[in-house]
Amino acid sequence: MALPVVLLASPRSFCAGVERAIEIVERLLAQRGGPIHVRKQIVHNTHVVADLEERGAVFVDELDAVPDGATVVFSAHGVSPAVREEAARRGLDVVDATCPLVTKVHAEARRFVARGDTVVLVGHAGHEEVEGTLGEDPERIVLVESVADVAALEVPDPNRVSYLTQTTLAVDETTEVVAALRARFPALRGPGSDDICYATTNRQDAVREIAGEADLVLVVGSANSSNSVRLVELARRQGVPAHLVDDVSDVRAEWLEGVRVVGVSAGASAPPRLVDELIEALGAWDVQVRETARETITFTLPSAVRAR
């Protein structure tokens, strides 16, 4: 696969919320031994999930698969109040790995509903984060995915509308949807700060930077990782061929034919070692890092897993 140049996007790979969620499961396994049940994938990456499964984590779709009284971890994507209530009713020992930036969106949803607004959530149907936020008040929170959805939206009072967004959306596309909402509902109110998280924005900015110089962009991440998929879409919108790869084994030789410069990034849930393995396999003569931001954010672990 030897190539002349690889442009390595920075930031890339794990964000603070992902690192926190994985560390929570790792600490529980070390402190209590397996099995430790986790509702849904702790983060959206097949390698992370497989590694934790080997160490004793048990991933389940719903709480009915968790024995009464057992320990269960809520994933980084958050859950609805109904899930929390079920866990409490069954006496489950809950350790919450929800990313604090997702928790912020839930808190905003409750605040907007409490003041009497219809809350428009911009996001992707079926994503766990979206399902959890919608669950804060299914009657008052409505989902839109596109400008077309905004055009078809009907609300009880156009003067009492607010919006929130999924944390892992494409910044450019979300801006278009929010602009359409403002045009449709001039009194629209939004969050005090953007809901799209810093890690999503930073990784998109870094891919935008390398896409301007690359003949091809490869993004390491799993197919169900929203922020990873958005990176591929962004590169393609820049006019550059781009592919999502779970690991180096997904790279096809024909993608590299005639290519001199490959841009490489990774979604926020992809382990850094997968990027290292890809770089090694590409065999570039010159690896150049393109840093567009430096991330220093960390999140506190829940008290249940802190060292005593």
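About the thresholds
- Residues numbered from 1 in each chain as written.
- Predicted model: local features only at pLDDT ≥ 70, side-chain atom pairs only at ≥ 80, totals over all residues.
- Heavy atoms only, no water.
- UniProt positions renumbered as here; feature names shortened; annotations may be inferred.
- Helix = DSSP H or I, 4+ residues; strand = E, 2+ residues; numbered from the N terminus.
- Buried < 20%, exposed > 50% of the residue type's maximum accessible area, 1.4 Å probe, protein only.
- Contact = heavy atoms within 4.5 Å.
- Polar contact = N/O pair within 3.5 Å; in protein donor to acceptor, adjacent residues only side chain to side chain.
- Pairing = 2+ DSSP bridges.
- Axes fitted to C-alpha atoms, helices over the stretch in contact; angles between N-to-C directions.

Peer 1: Teacher, can you tell me more about the UniProt feature "binding site: dimethylallyl diphosphate" (unreviewed entry) in the protein chain here?
Peer 2: In the numbering used here, UniProt assigns the "binding site: dimethylallyl diphosphate" (unreviewed entry) feature to H44, H77, H127, S225, S226, N227 and S269. Mapped onto the fold, H44 is located in the loop between β2 (36-39) and α2 (46-54). When its relative accessible area of 6% is taken as the criterion, H44 is described as buried. Setting aside anything within four residues of it in sequence, one finds H44 in contact with H77, H127, E128, S222, N224, S225 and S269. A polar atom in the side chain of H44 sits 3.5 Å from the side chain of H77. Along the chain, the position of H77 falls in the loop between β4 (71-74) and α3 (81-89). For H77, a relative accessible area of 11% puts it in the buried group. When sequence neighbours within four positions are dropped, the list of residues in contact with H77 reads Q41, I42, V43, H44, V102, H127, E128 and E129.

Peer 1: Sorry, what's going on with the environment of E291 here?
Peer 2: With respect to the secondary-structure elements, E291 resides in strand β12 (residues 286-291). With relative accessibility at 42%, the residue E291 sits in the partly exposed group. Once the C-alpha coordinates of E291 and R203 are considered, the two residues, 88 residues apart in sequence, prove to be 10.0 Å apart. In this structure the side chain of E291 is engaged in a polar contact, spanning 2.8 Å, whose partner is the side chain of R294.

Peer 1: Help me understand the environment of L121, please; the structure alone is not making it clear to me.
Peer 2: For L121, the location among the structural elements is in strand β6 (residues 118-122). Spatially, the C-alpha atom of L121 lies 15 Å from that of L101, the residues being 20 residues apart in sequence.

Peer 1: What's the story with the sheet that holds β4 in this structure? I'm lost.
Peer 2: For sheets, the rule is that strands pair by backbone hydrogen bonds, running either parallel or antiparallel. In space, the 4 strands of this open sheet follow the order β3-β2-β4-β5, with parallel pairing throughout. The open sheet terminates on both sides in strands that have one partner only, identified here as β3 (57-60) and β5 (93-96). Ignoring strand direction, the axes of neighbouring strands in this sheet form an average angle of 30°. Both β2 and β4 contribute to a ladder of 3 bridges, which runs parallel.

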